[in-house]
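An overview of the molecular structure
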Amino acid sequence: MVAADLGISLPTVTQNLNYLRECGLIFNAGEFESTGGRKANMLSIVPEARLAVGMDVTQTHVSVVLTDLKLNILDSVKTHVLFRDADDYYEMLANHVRMILEKNEVDPEKFLGVGISLPAIVNERENTSSYSKVIDIPDDFYVQMQKKLPYPVRLFNDANAAGWTELQARGKLQPMVYLSLSNSVGGAVLMNRVYTGRNWRGGEFGHMTIVPNGKECYCGRRGCLNAYCSARVLSDYTDGDIRQFFYEMKATGNRGYRRAFEDYMQYLALAVNNLRMCFDCDVVLGGMVGACMEDYIEEFKKIVKKLTPFENSAEYVKICSFRTEPSAVGAALYFVDDFVRQM
Ligand SMILES: [Zn+2]
């Protein structure tokens, strides 16, 4: 099957697979059901053959994850610390990487690199960031981090990284739009890969205008989706803790919270319907709010359905399935993808 898929001869395939097995990169994971002839071997990648670190840097915290080739999170650390453009802050970031590698006794030979996700427009080819209005990322951020870390370092947009993780987690590479509902609203367009656009601004859904002359957005304009659907719209009621908001709304039946959430869903439905009209694919609700919407998804679909002209259901609206540090994992995923491709 491998030979047919790759269009190379069977002896060459066998030789290459033996080499990968000797290198400890693949193993026999069993046999496929027989379709008449001899049962075919099921080969699988050795998850811990290579490891990568992903780091999500936000205004208020830093998350670091250590992942293997199957995207299992082997260890993670989350620290609440305000972003500062200062050398000791960058040193702290580098220390987090060193500590997680030391604690897990990661063999340097097996370590692929460090991916960093940022709430900014990121040119992934040049490792530069721009329009980082959420946090004040300096132009030389990449240079500073690369100086402190003796491993390959790459930068990514946080929502693109999270969307990429979600696409892999869903296990089917069908087109998908990921809407990241965190302290700022972002998103990703996934058509086999992340569509970044001509200027690395693809999927910046947070600045779609949904209310003419509406509430002010941090970008300086008015009526952006971000002003209506960032997690803060809800978590401001509970001191910045979005899980607490959902917990209290359910546990106490707080009417004020419930009204705020109903308003939130109305605006979110406008955005979701617009995305469906643009892309005609699943729209996945992710980020901090998406991860909390399990109990309300059917109610939300009913709101969306009323807006949708071509169909009688809104089953295309999905809740994200990967809810643990998707941006950090997505940043590490770059190295995993790269390695598996080279294999
Ligand atoms: Zn805006």
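Residues numbered from 1 in each chain as written. Predicted model: local features only at pLDDT ≥ 70, side-chain atom pairs only at ≥ 80, totals over all residues. Heavy atoms only, no water.

**A short note on helix α8 (residues 242-252)**
- Listed as buried for α8 are I242, F245, F246 and M249. Here the buried residues of α8 occupy an arc of 90° about the axis, which is enough to place them on one side. With respect to the buried face of α8, the exposed residues turned more than 90 degrees away are R243, Y247, A251 and T252.
- Among the structural elements, α7 (232-235), α9 (255-279) and α10 (287-290) are those in contact with the buried residues of α8.
- Among the residues of α8, the N-terminal cap falls to D241, whose side-chain oxygen and the backbone nitrogen of R243 are separated by 3.2 Å.
- Looking one or two residues past α8, G253 carries a phi angle of roughly 65°, positive in sign. (Buried < 20%, exposed > 50% of the residue type's maximum accessible area, 1.4 Å probe, protein only. Helix = DSSP H or I, 4+ residues; strand = E, 2+ residues; numbered from the N terminus. Arc of directions from axis to C-beta. Contact = heavy atoms within 4.5 Å. Polar contact = N/O pair within 3.5 Å; in protein donor to acceptor, adjacent residues only side chain to side chain.)

**Brief notes about the nonpolar core**
- One finds L179, F246, F261, L268, V272, L285 and F300 to be the most contacted residues of the largest nonpolar core, which totals 42 residues.
- Of all elements in the fold, only β10 (176-181), β11 (185-191), α6 (225-229), α8, α9, β13 (282-286), α11 (297-307) and β14 (317-319) reach the threshold of two or more residues within this core.
- The dominant element in this core, judged by the number of residues it contributes, is α9, at 10 residues.
- Beyond its immediate sequence surroundings of up to four residues, F246 is in contact with L234, F261, V289, C292, M293 and Y296.
- One finds L17, V65, F322 and F335 within the second-largest nonpolar core, a separate group that totals 32 residues. (Core = buried A, V, L, I, M, F, W, Y, C linked by side-chain atoms within 4.5 Å.)

**Side note on the domain arrangement of the protein**
- Domains assigned within the protein are domain 1 (2-45), domain 2 (49-161 + 325-342) and domain 3 (171-319).
- When each unit is reduced to the centre of its C-alpha atoms, the spacing between domain 2 and domain 3 is 26 Å.
- Facing 13 residues of domain 2, the contacting portion of domain 3 comprises 16 residues.
- Contact between domain 2 and domain 3 buries roughly 1200 Å² in total, counting both sides, with carbon and sulfur atoms accounting for 55%.
- Sorting the residues of domain 2 by area buried against domain 3 places I121, A159 and N160 first, and these three jointly supply 43% of that buried surface. (Domains from an automatic or database assignment. Buried area = accessible area lost by both parts, 1.4 Å probe.)

**Concerning the packing of aromatic side chains**
- Following the criterion strictly, the structure yields 17 aromatic pairs and no others.
- Consider the rings of Y90 and F141, whose centres lie 5.6 Å apart with planes at 75°: the pair is edge-to-face. Within this pair, whereas Y90 is found in helix α3 (residues 87-103), its partner F141 is found in helix α4 (residues 141-148), the two being separated by 51 residues in sequence. Residues Y90 and F141 agree in their burial class; the two are buried.
- Where F156 meets Y334, the ring centres are 5.5 Å apart and the plane angle is 45°; that geometry is what we call tilted. Of this pair, F156 sits in strand β9 (residues 153-157) while Y334 sits in helix α12 (residues 326-342), and the two are 178 residues apart along the sequence.
- Among the aromatic side chains, those forming a connected cluster through ring pairs are Y237, F245, F246, Y257, F261, Y264 and Y296.
- The ring of Y228 has K215 sitting right over it, with the charged end atom 5.1 Å from the ring centre. (Phe/Tyr/Trp six-rings, centres within 6.5 Å; stacked < 30°, edge-to-face > 60°. Lys NZ or Arg CZ within 6 Å of the ring centre and 35° of its normal.)

**Things to note about the pairing of β11**
- Most of β11 sits inside the fold, with six of its seven residues counted as buried.
- Alignment of β10 against β11, held across six bridges, turns out to be antiparallel. Paired with M176 across the strands is L190, a residue of β11.
- Here β10 folds back onto β11, and the loop between the two strands holds three residues.
- Relative to strand β12 (residues 193-195), β11 runs antiparallel, the two sharing three bridges. Its bridge partner being in β12, M191 is matched across the sheet by R193.
- The loop that links β11 with its antiparallel partner β12 comprises one residue; one of these, N192, has a positive phi angle of about 70°. (Pairing = 2+ DSSP bridges.)

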